[in-house]
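What the coordinates show
Spelled out, the chains give:
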Amino acid sequence: MNASANVRSLRAAHSHHHLLLRGCSTSLFQTLPILQLIKQCSTPKLLESALAAMIKISQNEDCHLMNQFITACTSFNRLDLAVSSMTQMQAPNVFVYNALIKGFVTCSHPIRSLEFYVRMLRDSVSPSSYTYSSLVKASAFASGFGESLQAHIWKFGFGLHVQIQTTLIGFYSGSGRIREARKVFDEMPERDDITWTTMVSAYRKVLDMESASSLANLMPKKNVATWNCLIDGFTKLGNLEIAESLFNQMPVKDIVSWTTMINGYSHNKRYSEAVAVFYRMTEEGIVPDEVTMSTVISACAHLGVLEIGKEVHMYMVQKRFVLDVYIGSALVDMYSKCGSLERALVIFFNLPKKNLFCWNSIIEGLAAHGCAQEALKMFDKMKSESVKPNSVTFVSVLTACTHAGLVEEGRMIYHSMIDDYSIVSNVEHYGCMVHLFSKAGLIYEALGLIGDMEFEPNAVIWGALLDGCRIHKNLEIAEIAFNKLMVLEPTNSGYYFLLVSMYAEENRWRDVAEVRGKMKELGIEKICPGTSSIRIDKRDHMFAAADKSHSASDEVFLLLDEIYEQMGLAGYVPETENVY
DNA sequence: GTAGGGTTAG
């Protein structure tokens, strides 16, 4: 039996079925005004009046109208309206059922979509390929359903339907079941380009690039999407050499190829190369799109070089790019990380649309720049505009509280996070709270919080406590924190110096000697200084604490002396008690 | 209506 002929006859049977649509009696002339009414609905309220109009002229039996109506309901998340009107229909057809099934999947009620699928079968309405496209997505949420759905797909004659089988591969790979995905792939008598790409992408998702490559090499002719998929996978594996070589050898590159390469460098923290690829692409006359720009701006943010960020921004302004939420939040973050909070704020206030990311970027920016009150105000504004904060938001807000010593505010926000937003406190949140409490001298409250943690505290947590102990001279708890840190980060010299200075301050010279001895024993005497760099006239200049290797270091130290003098005149007294 | 690239934090 010729399988594809079988499929063709089944398809023919289905389109014949379409010709005999039940309930489609009204002429196009009559339905058009209501159809437009439905399509123009901008609020759920208007949707209800559209339904009323439909009932009034007794066109609620019209399947085409109902299909459009359900689609409109889906976009307003008002499937209750859709259900109540469609269940009253005498004979809903396959289009009506498909619209409702799809609606439930997109409104994240997959189980209800299954309910209407069952009802559809009971009603003897034959499913179409569209029905299964939606249902495959829904089955990701009901364990075991995928398997029985696959049986149905065969039963209703779509076992060899290329698109549905491809969707099925996508479904299995989405739930990490690569072997099942491959089984579907292997059993397909016909495959198109997308089928191959989907399977290669399935391997990429689990970073099995060996299988991805060998499958791609079996392709008669690799399409661009498959090349891009391989490049992306290798960059995520950290293998930029292979990614670069694939990028260089692919016959045709499109905008996705370039963007994937830029993103690949960024993923591997090679930000200047990411930006360099962007410049190379524009030099070769390729026009970037919004996706490219958001990755490039993100790379600029990590570079922290204001001049480059500004240049890329100006390019975007010149090319009249749309300020979408991706570009918007990347720009806000870039300007704030490059030190220009003013520009970040200007961008933020000029955004036509703001999502969670945009708000998070500006709140984080304000907090990082020490503007605690403004960060909190922005947080309130975000809530008043009905944007729901997530765990990232709370890290920034709590950080702001810590910087400004707002203990009560921080405590309230922390509890609101757990009680009002059902966000589980993670290491970072605990870190913020421990820092907040211990900096304010509430060492025992900080310690109690650490005791409440349902996972092992990390070095950041104990480090935060140790820092509080230093400020408030609590040697007893400092020793506890220090002992934990000795296990977690035994080679971090900072903790040793901190404890040594605390002992020295209380003239406990025996303890000082003991810690110093331990340091010598472990060979961690040297302080690893933090370095910083600055770009002047397209050259990067590196500096480290007490470093005199730079050619202009004489000048630099002269200037530093002058700055210290000025600061002293302004009444600044440096905190030197912990400089050992 | 099925394939490949995007933003904050980590």
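Calculation notes
- Residues numbered from 1 in each chain as written.
- Chains lettered and ligands numbered in written order.
- Predicted model: local features only at pLDDT ≥ 70, side-chain atom pairs only at ≥ 80, totals over all residues.
- Heavy atoms only, no water.
- Helix = DSSP H or I, 4+ residues; strand = E, 2+ residues; numbered from the N terminus.
- Buried < 20%, exposed > 50% of the residue type's maximum accessible area, 1.4 Å probe, protein only.
- Contact = heavy atoms within 4.5 Å.
- Areas by Shrake-Rupley, 256 points an atom, 1.4 Å probe, with all protein chains shown as cover.
- Core = buried A, V, L, I, M, F, W, Y, C linked by side-chain atoms within 4.5 Å.
- Near = heavy atom within 4 Å.
- Polar contact = N/O pair within 3.5 Å; in protein donor to acceptor, adjacent residues only side chain to side chain.
- Nonpolar A, V, L, I, M, F, W, Y, C, P; charged D, E, K, R; others polar.
- Phe/Tyr/Trp six-rings, centres within 6.5 Å; stacked < 30°, edge-to-face > 60°.
- Lys NZ or Arg CZ within 6 Å of the ring centre and 35° of its normal.
- Axes fitted to C-alpha atoms, helices over the stretch in contact; angles between N-to-C directions.
- Parallel < 35°, antiparallel > 145°, perpendicular 65-115°, else oblique.
- Left-handed = near helix turned anticlockwise from the far one by under 90°.
- Expected span 1.5 Å × (residues − 1).
- Arc of directions from axis to C-beta.
- UniProt positions renumbered as here; feature names shortened; annotations may be inferred.

With that settled, the discussion passes to the overall build of chain A. The helix and strand inventory of chain A stands at 32 helices and two strands. Out of the 580 residues belonging to chain A, those deemed buried represent 44%. Long-range contacts, defined as pairs at least 24 residues apart, comprise 58% of the intrachain contacts of chain A with a sequence gap of at least 6. Per element, the accessible surface of chain A, about 30900 Å² overall, is 56% carbon and sulfur.

The nonpolar side chains of a soluble globular protein tend to be buried, and buried together. Core analysis: the largest hydrophobic core is formed by 172 residues, its most contacted members being F69, M86, L100, M199 and L465. Of the residues forming this core, the biggest block, nine residues, is contributed by helix α30 (residues 493-505).

Right, let's talk about the protein's contact with DNA strand B for a bit. Taken together, 41 residues lie around DNA strand B, and K102, D254, S329, K337 and F357 are the ones closest in. The side chain of S298 places a nitrogen or oxygen atom 2.9 Å from a phosphate oxygen of DNA strand B. For the surface near DNA strand B, the secondary structure elements donating two or more residues are α8 (129-138), α12 (193-205), α14 (224-236), α16 (255-267), α18 (290-303), α20 (325-337) and α22 (356-368). By residue class, the composition of the surface near DNA strand B is twelve nonpolar, 18 polar and eleven charged.

With that out of the way, let us pick up the packing of aromatic side chains. This model, assessed by the stated rule, comprises 15 aromatic pairs. Note on F171 and Y172: the rings are 5.0 Å apart at their centroids and 45° apart in plane angle, and the pair reads as tilted. For Y172, a relative accessible area of 2% gives the class buried. Judged by centre distance (5.5 Å) and plane angle (75°), the rings of F348 and F349 are edge-to-face. Through pairs of rings, three or more aromatic residues link up here, namely Y117, Y132 and F158. Seen from the ring of F185, R191 lies directly overhead, with NZ or CZ sitting 4.3 Å from the centre.

This brings us to the packing of helix α19 (residues 306-318) against α20. Remark: α19 packs on α20, axes separated minimally by 10 Å, with the N-to-C direction vectors making an angle of 150°. Considered as vectors, α19 and α20 are oriented roughly antiparallel to each other. In the crossing of α19 with α20, the sense of the turn from one axis to the other is left-handed. Counting all contacts with α19, which are made through L306, G309, K310, H313 and M316, the residues of α20 involved are I327, L331, M334 and Y335. Of the residues contributing to the contact of α19 with α20, the split by class is six nonpolar, two polar and one charged.

As a further point, take helix α3 (residues 44-56). Here α3 contains 13 residues, and its C-alpha end-to-end distance of 19 Å stays within 8% of the 18 Å for a straight helix at 1.5 Å per residue. Along α3, the positions that sit buried rather than exposed are L47, A50, L51 and M54. In a view along the axis of α3, the buried residues occupy a sector of 100°, so they form one face of it. Exposed side chains of α3 directed beyond 90 degrees from the buried face belong to K45 and K56. One or two residues past the end of α3 sits S58, with phi positive at roughly 50°.

This part takes up the UniProt feature "repeat: PPR" (unreviewed entry) in chain A. UniProt marks residues 93-127, 223-253, 254-288 and 355-389 with the feature "repeat: PPR" (unreviewed entry), using the numbering shown here. Helix and strand shares over residues 223-253 are 74% and 0% respectively, and the end C-alpha atoms of the span are 10 Å apart.

With that settled, the discussion passes to unusual backbone geometry. Unlike most non-glycine residues, S124 shows phi in positive territory, near 55°. Overall, the relative accessible area of 61% leaves S124 in the exposed class. Of note in the backbone geometry, L207 takes a positive phi value of approximately 55° without being a glycine. You can see L207 is positioned in the loop between α12 and α13 (209-218). The exposure class assigned to L207 is partly exposed, which follows from its relative accessible area of 35%.

One can find S113 in helix α7 (residues 110-122). Those residues in contact with S113, other than ones at most four positions away along the chain, are I101, F104, V105, L135 and A138.

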